[in-house]
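Topology and contacts: notes
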Amino acid sequence: MSSITLATIFGGRTLSIPVENSSIAFEDSGPTTQTSSGKIFYCLPGIGDFRHTYRFLAPKLIAAGHRVICQDLRGVGDSGTKFSGYSIEECSRDISAVLDHLEINEPVVVVGNSLSAAASITFAAKNPNRVEKIITLGGFFRDMPNDPYFRPLTPLLFNHFWGQPVWLSAFKGFFGKPPADVEQYCAAVKAKMLSNCDHAGIIGAMIRATKEPAWALVPEIKSPVLLIMGSKDPDFKDPVAENEFVAKSITERAGVKVTQKIVDGVGHYPQAEAPNDVYDAIISFISS
């Protein structure tokens with residue numbers, strides 16, 4: 001186990017359930033009298049990140065009377081690393097596993113950062129009765145033009161030998177306005193990766209995972225969508241243009257209401273870089 005860890009988001013214990021031949025870790029703020037009339041937010045981090053990316057946003061949602069579930073993706077964070085696959089479809093199925101375990105039948109608000117945007121819309125398209133609204137942060141919905149050139153390099157970049165420093169160097173560069181605790185956070189990511197050499201290879205597998213099947217499911221979406229994007233997100237050549245393209249495509253292909261929010265000066269992790277701006281956008285969205 002790593003010697004550098006992050007405190008749980010809600011101050012309780014990390015929960016874990018068996019899925020396939022491995023396990024999925026998550027935290028649940030739990031139902032209370034205060035949250036009985038609120039929404040249920042189901043939050044997913046991006047590639048190589050932890051559920052703790054919502055450490056600033058989740059408490060705000062709870063204080064507003066909502067229940068929040070934050071899950072580690074399969075193969076990342078405190079989740080197990082012995083899954084047979086790490087595709088978008090497989091990641092989306094883990095949402096159902098957790099909701100079934102918690103016996104949650106009412107529709108949830110699915111929140112996905114980065115790659116998890118594709119997992120979120122996949123889940124929503126295949127389980128329309130379980131999703132009330134969709135929120136994405138720096139979301140990838142489709143394959144990017146550089147993917148065919150970069151994917152063949154990932155087995156070399158993300159391996160047991162130098163995958164950890166390669167990923168950590170890239171991860172730090174994705175922030176536009178790094179939070180005050182970014183060094184401690186990155187130290188925990190490093191420690192977790194060093195504690196299990198499988199993590200680097202799994203990050204490579206997720207980067208290689210095509211998002212086109214998720215993009216093809218857009219017409220099946222039945223829920224309103226909020227697209228939050230940082231204006232300085234380095235993962236996109238033009239973040240604002242990408243957000244507008246996705247919004248127009250979802251509107252035309254799914255016929256659902258799409259709301260956009262550009263957070264000025266922020267990079268790939270708006271939920272950690274500008275939690276107040278993201279919170280305000282979310283509250284406005286769920287109230288509309």
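Note: the structure precedes this text.
Scope of this entry: the structure provided in the associated data block. Remember, it's a predicted structure, so these values are computed and weren't measured experimentally.

Side note on the layout of surface pockets
- Approximately 670 Å³ is the volume found for the largest pocket.
- Every residue lining the largest pocket is counted, 28 residues in all, and those nearest its centre are Phe140, Met144, Asp147, Asp235 and Phe236.
- Elements with a contribution of two residues or more to the lining of the largest pocket: helix H4 (147–150), helix H6 (163–173), helix H8 (198–208) and helix H10 (239–254).
- If one sorts the elements of the lining of the largest pocket by residue count, H6 sits on top with three residues.
- Looking at side-chain class alone, the lining of the largest pocket contains 16 nonpolar, four polar and eight charged residues.

Brief notes about the packing of aromatic side chains
- Overall, the coordinates contain 13 aromatic pairs when judged by the stated rule.
- Their ring planes at 35 degrees and their centres at 5.9 Å tell us that Trp167 and Phe171 sit as a pair that is tilted. In this pair, Trp167 and Phe171 are both assigned in helix H6, four residues apart and thus about one turn of the helix distant.
- For Phe171, a relative accessible area of 0% gives the class buried.
- What links up through ring pairs into an aromatic cluster is the set Phe50, Phe158, Trp167, Phe171, Phe174, Phe175, Tyr185 and Tyr269.
- In this structure, Lys211 is placed above the aromatic ring of Phe140, and the distance from its NZ or CZ to the ring centre is 5.4 Å.

Section: empty space enclosed by the protein
- Throughout the structure, instances matching the rule amount to two cavities of 30 Å³ or more.
- The calculated volume of the largest cavity comes to roughly 60 Å³.
- Forming the boundary of the largest cavity are Gly48, Phe50, Val76, Gly77, Val189, Lys192, Met193, His199 and Ile203.
- Every element with two or more residues in the lining of the largest cavity is listed here: helix H7 (182–195) and H8.
- It is H7 that contributes the most residues to the lining of the largest cavity, three residues altogether.
- In this structure, the second largest cavity spans a volume of roughly 30 Å³.
- Every residue lining the second largest cavity is listed: Thr136, Gly139, Phe141, Leu227, Met229, Asn243 and Val246.
- When residues of the lining of the second largest cavity are traced back to their parent elements, those giving at least two are strand E7 (225–230) and H10.
- Looking at the lining of the second largest cavity residue by residue, the class counts come to four nonpolar, three polar and no charged.

A short note on the sheet that holds strand E3 (residues 40–44)
- Taken in spatial order, the eight strands line up as E1-E2-E4-E3-E5-E6-E7-E8 in an open sheet, and their pairing is mixed. The open sheet terminates on both sides in strands that have one partner only, identified here as strand E1 (15–19) and strand E8 (258–263). Between one strand axis and the next, the sheet turns by 20 degrees as a mean value, whatever way the strands run.
- Bridge count for E3 against strand E5 (residues 108–113) is four bridges, and the pairing is parallel.

Notes on the side chain of His66
- Position of His66 among the secondary structure elements: in the loop between helix H1 (57–63) and strand E4 (67–71).
- Classification of His66 by relative accessible area gives buried; the value is 9%.
- Side-chain polar atoms of His66 contact the backbone nitrogen of Lys39, separated by 2.9 Å.

Overview of the nonpolar core
- Core analysis: the largest hydrophobic core is formed by 65 residues, its most contacted members being Ile69, Trp167, Met206 and Ile250.
- Ranked by size, the runner-up nonpolar core spans 23 residues in total, among them Ile9, Leu61, Ala281 and Ile286.

Concerning the environment of Asn113
- Counting through the fold element by element, Asn113 comes out in strand E5.
- Spatially, the C-alpha atoms of Asn113 and Phe140 are 8.2 Å apart, while their sequence positions differ by 27 residues.
- Excluding its chain neighbours within four sequence positions, the residues that come into contact with Asn113 are Leu44, Pro45, Gly46, Tyr54, Leu137, Gly138, His268, Tyr269 and Gln271.
- Here the side chain of Asn113 touches Gln271 through a polar contact of 3.1 Å, side chain to side chain.

Remarks on the state of the cysteines
- This model, assessed by the stated rule, comprises zero disulfides.
- Its sulfur unpaired, Cys43 is 4.5 Å from the next cysteine sulfur, which belongs to Cys70.
- Classification of Cys43 as buried rests on a relative accessible area of 1%.
- Free cysteine: Cys197, not disulfide-bonded; nearest cysteine sulfur from Cys186 at 19 Å.

Parameters at a glance
- Residues numbered from 1 in each chain as written.
- Predicted model: local features only at pLDDT ≥ 70, side-chain atom pairs only at ≥ 80, totals over all residues.
- Heavy atoms only, no water.
- 1 Å grid on protein atoms, 1.4 Å probe; cavity = no way out; pocket = protein on both sides within 12 Å on 5 of 7 lines; lining within 4 Å.
- Points joined across faces, edges and corners; volume = space filled by probe spheres on them.
- Helix = DSSP H or I, 4+ residues; strand = E, 2+ residues; numbered from the N terminus.
- Nonpolar A, V, L, I, M, F, W, Y, C, P; charged D, E, K, R; others polar.
- Phe/Tyr/Trp six-rings, centres within 6.5 Å; stacked < 30°, edge-to-face > 60°.
- Buried < 20%, exposed > 50% of the residue type's maximum accessible area, 1.4 Å probe, protein only.
- Lys NZ or Arg CZ within 6 Å of the ring centre and 35° of its normal.
- Pairing = 2+ DSSP bridges.
- Axes fitted to C-alpha atoms, helices over the stretch in contact; angles between N-to-C directions.
- Polar contact = N/O pair within 3.5 Å; in protein donor to acceptor, adjacent residues only side chain to side chain.
- Core = buried A, V, L, I, M, F, W, Y, C linked by side-chain atoms within 4.5 Å.
- Contact = heavy atoms within 4.5 Å.
- Disulfide = S-S within 2.5 Å.

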